[in-house]
Amino acid sequence: MTSLCFLWHMHQPFYKNLWTGQYKLPWTRLHALKDYPGMVEILKEFPQVHQTFNLVPSMVAQIDEYASGLASDPFWECALLPAEDLSEAQHNFVLKYFFQANVDRLISRYPRYRELYDQSLTKAVFSTKDIRDLQILNQIVWFDEDQLARDGELIGLVLKGRDFSLNDQNLMGRKQAEALQRVLPVYREASLSGQIEISTTPFYHPILPLLCDSNIAGVPHPGVPLPSQFVYPEDARIQLQRARDYMTEKMGRAPVGLWPSEGSVSDHSIAIAAECGFTWAASDNGVLARTIGRNAGSEETCKAYVWKQSNLEMRMLFRDHYLSDLIGFEYSRMNAADAAEHFLDRIRQNTNGRECLVPIILDGENAWEWYEANGRPFLRELYRRISDDPTLEALTVTEALAKHEPETLHGIFPGSWISANFDIWIGAEEDNQAWELLLSARKAYDAAEDVPEDRRKLAFEELLIAEGSDWNWWYGPEHGTDNRVEFDELYRDHLANVYRALGQTPPEILSQSLLRDHQAGEFRELPQNPIHATLDGEITSYFEWLGAGRYRPDPRTGAMHGGLVAAREIFYGMGDGFLYVRLDGVAAGAKVQIEFERGMVNPEIVTSRVMEMKVPLREPALFRIHVSHNDLPAIVLPAHGWLQMSLTAELQER
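Residues numbered from 1 in each chain as written. Predicted model: local features only at pLDDT ≥ 70, side-chain atom pairs only at ≥ 80, totals over all residues. Heavy atoms only, no water.

(A) The arrangement of the environment of G38 in detail. Relative to the helices and strands, G38 is located in helix 2 (residues 36-41). G38 sits 93 residues away from I131 along the chain, and the two C-alpha atoms are 29 Å apart. Beyond its immediate stretch of four places on either side in the chain, G38 contacts D144 and R376. (Helix = DSSP H or I, 4+ residues; strand = E, 2+ residues; numbered from the N terminus. Contact = heavy atoms within 4.5 Å.)

And the structure:
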């Protein structure tokens, strides 16, 4: 019997400013509507499927405040205000932020919403009627898929579709309040029934090894530029112990499992977690590979482990990176039934029917807006097939660990689930400056005297929040978001509040953005010279591709990190009656086609250090590249639009 361990990680940053009491961004509320309860409730249809849900305490605290009516945010306030009562600033806010949703899956699903989106692209004037429709539709798309299908009042709003009234707006607000109140009870009930296990993460989602000693980042990445050393293992202990205590209070049962923030582990942090009462923890098989000193394939990954040091022990499992990323990044482009079968086929091939444990660990919220119907058809297909297969069982982590004898590890290599290092959170210029500011605030807290206890407590809480990993997720070159400015402001506000609570004036530097202007996005450059390439998979000479057109996809990712890389860069140009294309950074075994406006073409291809190809083409034409791997749907470059030529026919033939 093959045991499938699904662990869905539910996490949002702490958006509340404790000094002002205000929430800055809406994503906890919106995902609490769209994802959190529905991911558990769907399991009622499949009682044999047991799963683990990892809830970050600081996210749970925010949901609790929204459910109690104690939380709001500017997005929610602007959605509820009558359109005719919006100030000019609020009107502009709605137009700026109320199209932050997946265009293909969410916005285009509702004809009026897509109409308003297209209208926004033309910079057209929005009437009061337009604004009210936008206010309501922007909220409807975030409701749970199954609730939209069964709730008569919401069905009525969807069918109405446009020309909404104030009564419709009030109804939308009431339905949202009701939905928020049911989130945490859904988890409590499912946990007490035994169908799900609730694990947790350090309270404000910090990278524990870096709190224990930030210099440990130099172990997986020797020579990485590091800020001044931050050594506060006592903070790591507090983040862990408070998480366990809080989740016990809110869920009625003490969590025994830990998904360390971003799967980040070290011997020191695992030891503290064991001392706090956690009995199992998880990381990534990239960390496992560096721990055991060899590749962690399916045989090494699909088993249980136990970490042992100094009379402490921690049961461990390591996520199957490939399988987890298939759900997170690839299957949204496939038919639900085909995707479910592809996933289970990969598991059967990897495990070959043997007794083993398959750890599937991934973000439980951000992927679904890329799926048809918020991923519900895919999940139903997957769970039905698992339930019907006598060789498969879906267990909670604790259930699976009880069945599988562990292999002993006498130490763990320090790293996270991303590249088995900590480079996302430390090492880049912005990251390191953020750590310097955190250290300064921490030292100011330590040195402060004669501070009233309530103010000292507030200052420390803001420090713990600032230790969270989310701020540095957006610092540095790796990730991009339309809300990057707001994340930067939130981080600096939390640190400034430390000084305010201590009765001190925040340093001037905290009023200055940490963001730099070096965030590279998509890059396009038209051809300048004709190309006459030799198809040998090598860069034959400096001049071979000189003056070629260039296309580089945006290297940044968003709230989720990962997915297959189709190509790092594309070079292209025309000459001798051919279109020549070079792809750099294509994975071995990739299949490539060229799509023209008239249809798909299979080019002549030679691959070595680079992939070079050509196809007869007498006249310049728009085209794009399709790259596929492992029978998955092709990734299209560019994702939107076409690559184009600018050379005249005379120049092409020169």
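(B) Up close: helix 5 (residues 88-97). Buried within helix 5 we find F93, V94 and Y97. End-on, the buried residues of helix 5 take up no more than an arc of 100 degrees, which puts them together on one face. In helix 5, the exposed positions that point more than 90 degrees away from the buried face belong to E88 and K96. (Buried < 20%, exposed > 50% of the residue type's maximum accessible area, 1.4 Å probe, protein only. Arc of directions from axis to C-beta.)

(C) Region of interest: the side chain of R582. Take R582: it is sitting in strand 16 (residues 578-584). Here D584 takes part through its side chain, which lies 2.8 Å from a polar atom of the side chain of R582. Those residues in contact with R582, other than ones at most four positions away along the chain, are I539, W545, E569, I570, F571, V610, M611 and E612. (Polar contact = N/O pair within 3.5 Å; in protein donor to acceptor, adjacent residues only side chain to side chain.)

(D) Broad picture of the packing of aromatic side chains. Using the criterion set out here, one finds 34 aromatic pairs in the structure. Judged by centre distance (6.1 Å) and plane angle (90 degrees), the rings of Y331 and F343 are edge-to-face. Remark: F343 occurs in helix 18 (residues 336-351) and Y331 occurs in the loop between helix 17 (321-330) and helix 18; sequence separation between them is twelve residues. Given the relative accessible area of 0%, F343 is considered buried. Taken together, a centroid distance of 6.1 Å and an interplanar angle of 50 degrees make the contact between F578 and Y580 tilted. For Y580, a relative accessible area of 4% gives the class buried. Among the aromatic residues, those joined into a ring-pair cluster are F6, W8, F46, Y331, F343, W368, Y371, F378 and Y383. A cation over an aromatic ring shows up here: R244 above the ring of F278, its NZ or CZ 5.7 Å from the ring centre. Positioned above the aromatic ring of F571, the side-chain terminus of R582 is 4.0 Å from the ring centre. (Phe/Tyr/Trp six-rings, centres within 6.5 Å; stacked < 30°, edge-to-face > 60°. Lys NZ or Arg CZ within 6 Å of the ring centre and 35° of its normal.)

(E) Region of the structure containing unusual backbone geometry. That bond from L637 to P638 is cis: its omega, -5 degrees, falls within 30 degrees of zero. Tracing the backbone shows P638 in the loop between strand 22 (635-637) and helix 25 (649-652). Its identity as a non-glycine residue notwithstanding, A373 has a phi of 50 degrees, on the positive side. Examined against the element boundaries, A373 turns out to sit in the loop between strand 10 (356-363) and helix 19 (376-388). Residue classification places A373 among the partly exposed residues on the basis of a relative accessible area of 21%.

(F) The sheet that holds strand 22, seen in detail. Ordered by their spatial adjacency, four strands build an open sheet running 18-17-21-22, and the pairing between neighbours is antiparallel. Strands with a single pairing partner mark the edges of an open sheet, and in this sheet they are strand 18 (599-601) and strand 22. Sheet twist, expressed as the mean angle between neighbouring strand axes with direction ignored, is 30 degrees. In this sheet, strand 22 lies alongside strand 21 (residues 623-628) in antiparallel orientation, the contact comprising three bridges. Directly across from H626, in strand 22, lies its bridge partner V636. (Pairing = 2+ DSSP bridges. Axes fitted to C-alpha atoms, helices over the stretch in contact; angles between N-to-C directions.)

(G) Examining the sheet that holds strand 13 (residues 523-525) more closely. Read from one edge of the open sheet, six strands run 13-14-15-16-20-19, paired in antiparallel fashion. Where the open sheet ends on each side, the last strands, each with one partner, are strand 13 and strand 19 (604-607). Between one strand and the next, the sheet's axes are offset by a mean angle of 15 degrees, whatever the strand orientation. In the sheet, strand 14 (residues 549-552) pairs with strand 15 (residues 569-575) via three bridges, with the strands oriented antiparallel. In the strand pairing of strand 15, R550 is matched with F571.

(H) Region of interest: the pattern of salt bridges. This model, assessed by the stated rule, comprises 50 salt bridges. Among the ionic pairs, R319 bridges to D284, the shortest N-O distance being 3.0 Å. Of this pair, R319 sits in strand 9 (residues 312-319) while D284 sits in strand 7 (residues 280-284); the two residues are 35 residues apart in sequence, bridging distant segments of the chain. Comparing R319 with D284, the two get one shared label, buried. As a salt-bridge pair, R442 and D446 come within 2.5 Å of each other at their nearest N and O atoms. Highlighted residues: R442 and D446, both in helix 21 (residues 429-447), separated by four residues, approximately one helical turn. A relative accessible area of 3% places R442 in the buried class. (Salt bridge = Lys/Arg side-chain N within 4 Å of Asp/Glu carboxyl O.)

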